[in-house]
Amino acid sequence: MWSSRSGRPLPRTPSPSGYSAQQQQVPPPPPYSVMSQGGGGGGGDRFSQPPPAPIPPPPSEAPSIESATLKTKVQLRISCTDLANRDHFSKSDPQAYIYFQHVGASSRTRLQRTASVSSIRSDSSSVALRIAPDGRPEVAGGWNLVARTATIQDELNPVFPEIITFDYFFEEVQNVCIVIVDVDNNSGVMTKQQYLGHTTVSLGQIVSAGSRGLTDFLKTDCQLPRGVPGFHDARNEARAVSQQNHRSPAKIMLLATTEADNRRQLVFSFSCTGLPRMDANGLADPYFVLSRIDRSGHQMHVYRSPIIRRTLSPAWRDLRVPLRLLAPDGVGGAADRVRVSVWDWDRTGGDDYIGSVDTSVGGLLAAASSRTPLQLVDAAKTRGVRKMFYHGSGTLRIDACAVVDEPQFLDFVAAGAQIDLAVAVDLTASNQYPHHPTSLHHFPELVGRRGSALGVPQPAAQEGSMNEYQRAIVGVGQILQEYDSDKIFPMYGFGYEKPPGVRHRCGFFGRAFGVQGLLEMYHDTVCDPLLRLSGPTDFAPVIDQVSRDLEEKMRAEPSMLHYQVLLMVTDGLITDLDATLRSLTRAASLPLSIVVVGVGQEDFGTMNILDADDGDDAATWRLRPDGRGSVRDIVQFVPMREVGADPFALARETLAEIPDQFMQYVRERGIRLEA
């Protein structure tokens, strides 16, 4: 179960098994690999410090953290029951072929050939989007065979021993197709075996099922997704399976667990003293970058700290980095080499390099224990004439540092946490009515008429015919619906009149089922002849209403952990900025994140105030009234024109921060998982 500081118990499912502290040294892993059950590493932690790498020269520009995209490892186990018997004198010999579709991420589809399971390298083909009848976005193409299990002889209820490991990304569409066959020859070709059934699910569906696993009936129609090799005589294959399945339909069970290394975190607090004066005011705006140095001396930037303004003695408290990013083979291992670089943030131009120190995770732990400060050095100032006047760039103090095991986002999802979605659309006059060709609410079939909710056919929900509002709903909804058990989403509108003369700063349209339901409700609302587009573009009423609804849900279901994501799609600038900032400050204490998508060609410069980083003056709205730090950053703003027409790209840009914002809320509220 999970509980909070208030002692409120919440239901909890068993957590996955433990793990060893040190793993065998391996090359950088592919996005998915396969191992047999029973494998693993051993060994204990060591805290010896490797020889330090040479101090680097001053970089030409501040490092980017894009190279340190955090992947969560998910392990998939497969079993089946009541498979059809396709053999005459014995039972079927089942084998599973696993196909993977990572939409919009062809650069990550690197496959590895392992000893236990064959994997095939294949370039991702082009994909096409449509909405299926069940409301789920479907993408054709882009399937890769990533694994096949061993054959289990004479068994209709197989439990396949292989564990398939995937790199899981919350913000991306990742689909899995599993085809079960009866092996009749040793060709190793799926289509030359006898078909038993298949299933196609998203990785999000599997992980959100938690430790109970996802159970589904095997499809036996032999209609595989486009891009997965089809059987030569699919009709006869399907007929043969159906004749054998008349007693009990075949089922497949899929269980996803997170790798134990995902939970091992380096928790630390840093501070600096004696930093040089970098700005005209005699102070600096420091931040630090934590990097891992590989064997060849290259560094991968793992973490960038918040910026602390106008100080020469900054302090960063209670920071977290997954240990495997810094020391992939364990503390004290051969790969345990890290670099801490301190920078001065500048509003214009490039940031200024202050200095760095090379050490290891073991060295950080030892420095925290002994209270030994580390010297920051700018190597360029240690050469030539300047070295006579250079006495260092200040000191780095490791105030606290420990390796701890903490549950992560997927552990809470597996325990039953719900990620709820609410949608709010802009219905101000600047959008124009949907029958107008230049309208942002335009539907192609409405050219030349206003239409009505009942008389106009539903818009074709395909990528080429969707307007930007629809793309935003599909892009965000396709991901989040997998983490909501009932898939019932409320929809709001703002800046309209209905009936004419009655202005709504925040109107509630109803609740829709799934993405398709949201698209239909949006279509019917915009095409309603009683609706008049008006104004203003006020965000505060919507944020306040969603906050009240969330608080009511928390009171009604105190034993459930609900986390709300509000999607706001707008074409204009906020007209109630001060009220919106006050609403955001209040909402930051709730389990809430807000995604704002800007559509059209408006200048959204002032929107950056909502999605401000700690170093920006615009982030002052996040300062707590009592002066005790800042509230959570709960807003992500993305202009649609920056990601183009691809709803999957929009999802990546808008949802990548949700797991971190979820965990920030959990830690602030003291919510924890209990066995």
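Structural notes on the overall build of the protein chain
Then comes step 1: Along the protein chain, the regular secondary structure elements total 12 helices and 31 strands.
Then comes step 2: Counting all 675 residues of the protein chain, 55% fall into the buried class.
Then comes step 3: Excluding contacts between residues fewer than 6 apart, the proportion of contacts in the protein chain whose partners are at least 24 apart in sequence is 76%.
Then comes step 4: For the protein chain, the computed accessible surface area is about 28,900 Å², with 50% contributed by carbon and sulfur atoms.

Some points on the sheet that holds strand β16 (residues 299–304)
Then comes step 1: The strand order across the open sheet formed by 4 strands is β16-β15-β18-β19, and the pairing between neighbours is antiparallel. Looking along the sheet, the strands with just one partner apiece sit at the ends: β16 and β19 (352–359). If you compare each strand with its neighbour and ignore which way they point, the axes differ by 25° on average.
Then comes step 2: As paired strands, strand β15 (residues 286–293) and strand β18 (residues 338–344) are joined by 7 bridges and run antiparallel to one another. Bridge assignment links L290 to a residue of β18, and that residue is V340.

A short note on the sheet that holds strand β28 (residues 562–570)
Then comes step 1: An order of β26-β23-β22-β28-β29-β30 is seen for the 6 strands of this open sheet, with the pairing classed as mixed. With partners counted over all chains shown, the strands left at the sheet margins are β26 (507–513) and β30 (635–639), one partner each. Shown here is a sheet whose adjacent strand axes are inclined to one another by a mean of 20°, direction ignored.
Then comes step 2: The pairing of strand β22 (residues 418–426) with β28 spans 8 bridges and is parallel. For Q418, the partnering residue across the bridge sits in β28 and is H562.

Describing the environment of Q205
Then comes step 1: When you line up the elements, Q205 lands in helix α1 (residues 203–208).
Then comes step 2: You can call Q205 buried: its relative accessible area is 18%.
Then comes step 3: With 51 residues separating them in the primary sequence, Q205 and A256 have C-alpha atoms 9.8 Å apart.
Then comes step 4: A polar contact is formed between the side chain of Q205 and the backbone nitrogen of S202, at a distance of 3.0 Å.

Here's the deal with the packing of aromatic side chains
The geometry of two aromatic rings is summed up by the distance between their centres and the angle between their planes.
Then comes step 1: Tallying each qualifying case throughout the model produces 21 aromatic pairs.
Then comes step 2: Plain terms: the ring middles of Y492 and F508 are 5.5 Å apart, the flat faces sit at 50° to each other, and that makes the pair tilted. Within this pair, whereas Y492 is found in strand β23 (residues 488–494), its partner F508 is found in strand β26, the two being separated by 16 residues in sequence.
Then comes step 3: Note on F508: relative accessible area 47%, which makes it partly exposed.
Then comes step 4: Here the aromatic rings of Y496 and F509 are separated by 5.6 Å at their centres, their planes lie at 50°, and the arrangement is tilted. Taken together, the positions of Y496 in strand β24 (residues 496–497) and F509 in strand β26 put the pair 13 residues apart, joining distant regions of the chain.
Then comes step 5: For Y496, a relative accessible area of 3% gives the class buried.

Notes on the packing of helix α6 (residues 468–480) against helix α11 (residues 647–655)
Then comes step 1: With their axes 8 Å apart at the nearest point, α6 and α11 run at an angle of 65° to one another. Considering how the two elements wind past one another, α6 and α11 form a crossing that is right-handed. Counting all contacts with α6, which are made through R471, A472, V474, G475, V476, Q478, I479 and L480, the residues of α11 involved are P647, F648, L650, A651, T654 and L655.
Then comes step 2: Across the contact of α6 with α11, the residue classes break down as 10 nonpolar, 3 polar and 1 charged.

Comments concerning helix α8 (residues 540–556)
Then comes step 1: Its 17 residues give α8 an end-to-end C-alpha distance of 24 Å, which sits within 8% of 24 Å, the value for a rise of 1.5 Å per residue.
Then comes step 2: All buried positions along α8 are accounted for by A540, P541, V542, I543, V546, S547 and L550.
Then comes step 3: Looking at the buried positions of α8, the neighbouring elements they touch are β22, β23, β28, α9 (577–587) and β29 (592–598).

Some points on the side chain of T258
Then comes step 1: Tracing the chain through its elements places T258 in strand β13 (residues 251–258).
Then comes step 2: The exposure class of T258 is buried, given its relative accessible area of 11%.
Then comes step 3: Reaching out from T258, the side chain makes a polar contact with the side chain of R263 at a distance of 2.8 Å.

Quick word on the pattern of salt bridges
Then comes step 1: Under the criterion given, the structure shown has 15 salt bridges.
Then comes step 2: The salt bridge partner of D399 is R317, with a shortest N-O separation of 2.7 Å. Within this pair, whereas D399 is found in strand β21 (residues 395–405), its partner R317 is found in strand β17 (residues 315–322), the two being separated by 82 residues in sequence.
Then comes step 3: For the salt bridge of D358 with R339, the shortest nitrogen-to-oxygen distance reads 2.6 Å.

Describing the confidence of the model for the protein chain
Then comes step 1: Looking at the protein chain, pLDDT values average 79 and 77% of them are 70 or higher.
Then comes step 2: Contacts from residues 5–58, a stretch scored under 50 in pLDDT, to residues over four places away or in other chains number 134 contacts.
Then comes step 3: Counted against residues more than four places away or in other chains, residues 65–69, with its pLDDT under 50, gives 11 contacts.

Things to note about α6
Then comes step 1: Between the first and last C-alpha of α6 there are 18 Å, a value that for 13 residues agrees with the 18 Å anticipated at 1.5 Å per step.
Then comes step 2: For α6, the N-terminal capping position is held by N467, with its side-chain oxygen 3.0 Å away from the main-chain nitrogen of Y469.

A word on the pairing of strand β10 (residues 174–182)
Then comes step 1: Of all 9 residues making up β10, 9 are buried, and the element is well covered by its neighbours.
Then comes step 2: By the alternation rule, side chains of β10 split into Q174, V176, I178, I180 and D182 and N175, C177, V179 and V181, which are all buried.
Then comes step 3: Both strand β5 (residues 94–102) and β10 contribute to a ladder of 9 bridges, which runs antiparallel. By the bridge assignment, Y99 is partnered in β10 with C177.
Then comes step 4: One ladder, built from 8 bridges, connects β10 with strand β11 (residues 194–202); its direction is antiparallel. The residue bridging V176 from the neighbouring strand is V201, located in β11.

Rules used throughout
- Residues numbered from 1 in each chain as written.
- Predicted model: local features only at pLDDT ≥ 70, side-chain atom pairs only at ≥ 80, totals over all residues.
- Heavy atoms only, no water.
- Helix = DSSP H or I, 4+ residues; strand = E, 2+ residues; numbered from the N terminus.
- Buried < 20%, exposed > 50% of the residue type's maximum accessible area, 1.4 Å probe, protein only.
- Contact = heavy atoms within 4.5 Å.
- Areas by Shrake-Rupley, 256 points an atom, 1.4 Å probe, with all protein chains shown as cover.
- Pairing = 2+ DSSP bridges.
- Axes fitted to C-alpha atoms, helices over the stretch in contact; angles between N-to-C directions.
- Polar contact = N/O pair within 3.5 Å; in protein donor to acceptor, adjacent residues only side chain to side chain.
- Phe/Tyr/Trp six-rings, centres within 6.5 Å; stacked < 30°, edge-to-face > 60°.
- Left-handed = near helix turned anticlockwise from the far one by under 90°.
- Nonpolar A, V, L, I, M, F, W, Y, C, P; charged D, E, K, R; others polar.
- Expected span 1.5 Å × (residues − 1).
- Salt bridge = Lys/Arg side-chain N within 4 Å of Asp/Glu carboxyl O.
- pLDDT = per-residue confidence, 0-100.

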